[in-house]
Amino acid sequence: MFSLERLVRPNIWHLAPYSSARDEYSGKEAHVFLDANENPYGAPYNRYPDPLQRELKKQIAKVKGIPEDMIFLGNGSDEAIDLPYRIFCEPGKDNVVAIQPTYGMYKVCADINDVEYRPVMLDDNFDFKAADLLKACDQHTKIIWICSPNNPTGNSLNRDEIIKVIEGFEGIVVVDEAYSDFAQQKTLRTELAKYPNLIVLNTMSKAWALAAIRLGMAFASKEIVAIYNKVKYPYNVNMLTQQQALEALKDPFEIDKWVKTILAERTRLMQAFQELPICEQVYKTDANFFLAKMTDAQKIYDYLVDKGIIVRNRTRVQLCNNCLRITIGMKSENNELLAALRQY
Ligand SMILES: *Cc1c(COP(=O)(O)O)cnc(C)c1O
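As a convention, each chain's residues are numbered from 1 in the sequence order in which they are written. Per-residue local features of the predicted model are confined to residues with pLDDT of at least 70, and side-chain atom pairs are confined, for both listing and counting, to 80 or more; whole-chain, interface and lining totals are unaffected and use all residues. Values shown for side chains rest on all heavy atoms present in the structure; no hydrogens or waters enter the calculation.

J.: Could you clarify how one ought to interpret the site of the ligand in this entry?
T.: Near residues are defined by distance, with any heavy atom within 4 Å of the molecule or strand qualifying the residue. Near the ligand lie 14 residues; those nearest to it are Tyr-179, Thr-203, Ser-205, Lys-206 and Arg-214. Taking Ser-77, its side chain carries an N or O atom lying 2.7 Å from an oxygen atom of the ligand. Here a polar contact is taken to be a pair of N or O atoms separated by no more than 3.5 Å, where protein atoms must pair a possible hydrogen donor with a possible acceptor and residues adjacent in sequence count only if both atoms sit in side chains. Asp-78 places a main-chain nitrogen or oxygen 3.3 Å from an oxygen atom of the ligand. Using the Shrake-Rupley algorithm and a 1.4 Å probe, accessible areas are obtained, with residue cover drawn only from the displayed protein chains. Here the ligand loses 93% of its free accessible area of 390 Å² to cover by the protein chains. Ranked by residues supplied to the shell around the ligand, first place goes to helix α5 (residues 76-88) with 3 residues. Across the shell around the ligand, the residue classes tally to 5 nonpolar, 5 polar and 4 charged. The way it works is that DSSP assigns letters per residue, a run of H or I at least four long becomes a helix, a run of E at least two long becomes a strand, and they are numbered from the N terminus. Side-chain classes follow a simple rule in which Ala, Val, Leu, Ile, Met, Phe, Trp, Tyr, Cys and Pro form the nonpolar group, Asp, Glu, Lys and Arg form the charged group, and the remainder, Gly included, forms the polar group.

Okay, structure coming up:
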C-alpha cells in the first residue's frame, strides 16, 4: 500500500504552515479589509494576492482537465521542482534517481538541498528501460525524475516504460511534461487518479508563450498538492502573473495555432539541416526544439554567435557530443539561421 506519510520528511508532515490574513478570511461579502496591514490607497496592487490562486486554478482545471485541488501553481517550474526535495528528501541521507542527459534543474536543486543525485544514462536512442532506473534505487531513494519530451534530446520517452517505473517504485515519480503541448505522445496527467505517487509538471513558459511571468504547474493527488501548498511561500504567485495567465487562458485556441505553426517550421528546419554538409545527424523530436549532431559544434556555435544568432551548445553534455540544440523560432529567424549555416 502506498503511504505518503512514510515518504514525507517528519518535520514537513507535522508542519503548521504560516496562516496569512488572506487564508483566514476568504469570502466575497466583506468590503472593509483592515486585517492585513496593507495600505488602503493605490488599488489594485495594494492588496495581497490570493495565496491559493483560486480563480486561475479554476481556468487551468478546465483547460487541462484536472480538478482544482490537484493543481499546484508555482513561481515557474523551478519552484515545483525544488519543493519535492524539501518535502521528501532528508539532506545528507536520501537520494534521487534521474535519467541522463536531462534538464539541469533537477541536479541543481539536489545539490542545493544536499541530496545525492543518481544519474542513469539513456541508451543510444535517448530512451530507457524501467528496470535500469529501478536498479539504481535503494531504500533512501525518494524521487525518480523523468522528463518527456526530454530536454535536451527532444524525444518523448517510451510511455510503457514510464508507467512501469511509476508502478514499480514506492517513492515519488515526477514526470516533467514542459513540452507536452507540442508532443504527439499522450500526457500522463490523465493517469493521476490511478497513481498516488505521480507528479506531472507543466509550465506556461513554452507553448503558452509566457516565460516572463514565471508560472509553473504541478499536477498530483490532492494530498501531495496540500503538502506543496503548506511548504510554499504564502504569496508565491504574484497578482500580475495571475492576471496575465488568466488573460492567456481566455483564448486557449490561440496556443493551438502557434503550436501548429511551430511544428510546421520544425519539419522544414529539420529537413534543411539534413541537407547541410556540416550536419551529421538530426535526432527525432516531440518538442519545439531539436538536437543536431554537427561536424564541429563548438566552431559552428562560435560562428553563429559572431552573427548574432544564439543556439544552445550541448557538446559537453554526455551522449550529446558535437550537438547543438535548436529552438524553433519565427520563419524569418529560422531562415536567418539557415542562411548563416549555408555560408559556413
Ligand atoms: C523550459 C523547461 C521548464 C520550464 O521551466 P519554468 O521554470 O517553468 O520556466 C521545465 N522543465 C523543462 C524540462 C524545461 O525544459
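J.: What should I look at first to understand the sheet that holds strand β6 (residues 198-203) in this one?
T.: Where strands meet in a sheet, backbone hydrogen bonds hold them as pairs that are either parallel or antiparallel. Two strands form a pair only when DSSP identifies at least two bridges running between them. The sheet built from 7 strands is open, its strands ordered β1-β7-β6-β5-β4-β2-β3 with mixed pairing. Each of the sheet's edge strands pairs with one partner strand only, and the pair in question is β1 (71-74) and β3 (116-121). With direction set aside, neighbouring strand axes in the sheet form an average angle of 20°. Across 4 bridges, the pairing between β6 and strand β7 (residues 216-219) is antiparallel. Bridge pairing in β7 places Thr-203 opposite Gly-216. A fitted line through C-alpha atoms represents every axis, and for helices the fit uses only the stretch in contact; the resulting angles, taken between N-to-C directions, go from 0 to 180 degrees.

J.: Help me understand the sheet that holds strand β11 (residues 323-327) in this model?
T.: Read from one edge of the open sheet, 4 strands run β8-β9-β11-β10, paired in antiparallel fashion. This sheet does not close on itself; its edge strands, each paired only once, are β8 (279-282) and β10 (312-313). With 5 bridges connecting them, strand β9 (residues 289-294) and β11 associate as antiparallel partners. Across the sheet, Phe-289 pairs through a bridge with Thr-327, a residue of β11. Docked against the sheet, helix α11 (residues 252-274) engages β8, β9 and β11, running at close to 5° with respect to β9. By definition in these notes, contact holds between two residues if any of their heavy atoms fall within 4.5 Å.

J.: Can you walk me through the pattern of salt bridges in this structure?
T.: Oppositely charged side chains can form a pair if their charged atoms are brought close together. In the sections that follow, a salt bridge refers to a side-chain nitrogen of Lys or Arg positioned within 4 Å of a carboxyl oxygen of Asp or Glu. Enumeration over the complete set of coordinates arrives at 21 salt bridges. For Asp-94, the salt bridge is made with Lys-142, and the minimal N-O distance between the two is 3.0 Å. Pair noted here: Asp-94 is in the loop between α5 and β2 (95-100) and Lys-142 is in strand β4 (residues 141-147), with a separation of 48 residues, a long-range link. Taken as a pair, Asp-94 and Lys-142 share a single burial class, namely buried. If you follow the salt bridges from partner to partner, you end up with Arg-159, Lys-186, Glu-191 and Lys-194 in one network. Only protein chains enter the area calculation, which uses a 1.4 Å probe; residues under 20% of their type maximum are buried, those over 50% are exposed, and those in between are partly exposed.

By themselves, these observations are geometric and do not establish any function.
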